[in-house]
There are 2 protein chains.
Amino acid sequence: MELLEARIRKDGKLFPGNILKVDSFLNHQMDIDLLNEIGKEFYRLYQDCEVNKILTIEASGIGIACITAQYFHCPVLFAKKTKTKNIAAAVYKTEVKSYTHGTTYDVIVSKEFLHKGDRVLIIDDFLAEGNALFGLIDLCRQAGAEAVGCGIAIEKSFQPGAQRLRKAGVRVESLAMIASMDDGEIKFR
Amino acid sequence: MELLEARIRKDGKLFPGNILKVDSFLNHQMDIDLLNEIGKEFYRLYQDCEVNKILTIEASGIGIACITAQYFHCPVLFAKKTKTKNIAAAVYKTEVKSYTHGTTYDVIVSKEFLHKGDRVLIIDDFLAEGNALFGLIDLCRQAGAEAVGCGIAIEKSFQPGAQRLRKAGVRVESLAMIASMDDGEIKFR
């Protein structure tokens, strides 16, 4: 997606450890017009998949997921990273290792909102190691729901997540695929 | 807002400790059509205020804020609850006490994205004690930005937050105002 690649080139910031910060337009601060174009593209890609639910993970996936859901006319469910006393006891739970933070955390969704027969589009801002996405797919599997695919804004193709997911038979559509970001230069595939 | 009150009556769930769960349509799972009506109403109320930024707090405010921002054609900035190693060091920081979780946490926004002269609409799903909103207003104050008001989906008017904010001169527009929820019955103002 040309628009997103151009924006990453213009406003993305590189930091040591393969960290790309896009927090002026995609997370932290969100350019809603750009999110709308992203949502439209996910719809173009997945419109024939009978998606009836969008699943994402807090926090930075929520904005893209909500804007995207307008095109699918379906609800958004976001998985939560810790168990709060406000959530129903009946949850599906999985464990996710965070590449960014170097920690492992539980991810939950309420059993009320994910069901056998649901056709789920998984949305997230980044794909690097793929751990969060494997966690979301596992939540779908526990519920008997079908994950029809993943819609990713930015894929770091030089990290193993995308390949691991595709090898596992998961459809992954990434709108910007970064081949490398060595020496302070971002190269797209 | 009739539509939201009706939905709370239909799908809201009451729990001991004045806890109202609306996670089938407003947080956790989000009904995007309803969020669109909420966003439209916030726009009707604040359209003359020259809003150029929407500020919310992760996680459950993000969906409403993003949908609302489409009407204002402005970016959304969400305040983060902990300091991650991915965020710029230059942040505005404030402390918020969580009524729900009984803890105190830091809330930050990057100095890059909140400026003197910004006219900020603050959006959140719930107003109870008002601590999160006072925190977001404090972040605006630190940046020299003006908080033009708060757009709240559900105000628990029997808790002190709304009154404290209005006494402090803050404009608060709440789309559903709950006067009481004793004996398992929700009464709106």
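Conventions we followed
- Residues numbered from 1 in each chain as written.
- Chains lettered and ligands numbered in written order.
- Predicted model: local features only at pLDDT ≥ 70, side-chain atom pairs only at ≥ 80, totals over all residues.
- Helix = DSSP H or I, 4+ residues; strand = E, 2+ residues; numbered from the N terminus.
- Rg over C-alpha atoms; globule rule 2.2 N^0.38 Å.
- Buried ≥ 20, exposed ≤ 12 C-beta atoms within 10 Å, placed from the backbone.
- Contact = placed C-beta atoms within 7 Å.
- Pairing = 2+ DSSP bridges.
- Axes fitted to C-alpha atoms, helices over the stretch in contact; angles between N-to-C directions.
- Core = buried A, V, L, I, M, F, W, Y, C linked by C-beta atoms within 7 Å.

A.B. asks: Explain the overall build of chain A to me, please; I cannot follow it from the model alone.
C.D. replies: The helix and strand inventory of chain A stands at 5 helices and 11 strands. For 189 residues, the compact-globule estimate of 2.2 N^0.38 gives 16 Å, and chain A sits close to it at 16 Å. For chain A, the spread of C-alpha atoms along the three principal axes comes to 45 × 35 × 30 Å. Relative to its 189 residues, chain A shows a buried fraction of 47%. The contacts in chain A between residues at least 6 apart in sequence include a share of 58% that link residues at least 24 apart.

A.B. asks: Before we go on, may I ask you to explain the environment of A:L14 in this structure?
C.D. replies: Residue and element names in this part refer to chain A. As for its placement among the helices and strands, L14 is situated in strand β1 (residues 13–15). Between the alpha carbons of L14 and E185 there is a distance of 8.3 Å; along the sequence they are 171 residues apart. With sequence-adjacent residues up to four places away left out, L14 is seen in contact with L20, M181 and G184.

A.B. asks: Explain the sheet that holds strand β8 (residues 119–127) of chain B to me, please; I cannot follow it from the model alone.
C.D. replies: Ordered by their spatial adjacency, 7 strands build an open sheet running β3(A)-β5(B)-β4(B)-β8(B)-β9(B)-β10(B)-β11(B), and the pairing between neighbours is mixed. With partners counted over all chains shown, the strands left at the sheet margins are β3 (29–30) of chain A together with β11 (187–188) of chain B, one partner each. Pairing of β8(B) with strand β9 (residues 146–156) of chain B, which is carried by 8 bridges, proceeds in the parallel orientation. Opposite B:F126, over in β9(B), you have B:I154 as the bridge partner. Lying over the sheet, helix α4 (residues 131–143) of chain B contacts β4 (53–57), β5 (76–79), β8 and β9 of chain B, oriented at roughly 165 degrees with respect to β8(B).

A.B. asks: In this structure, what is going on with the nonpolar core? I would like to understand it.
C.D. replies: Soluble globular proteins: nonpolar side chains tend toward being buried together. A:I54, A:C66, A:I122, A:L136, B:C66, B:I122 and B:L136 are the most contacted members of the largest nonpolar core, which has 118 residues in total. Beyond its immediate stretch of four places on either side in the chain, B:L136 contacts B:L55, B:I57, B:A79 and B:I122.

Purely geometric numbers; function is a separate question.
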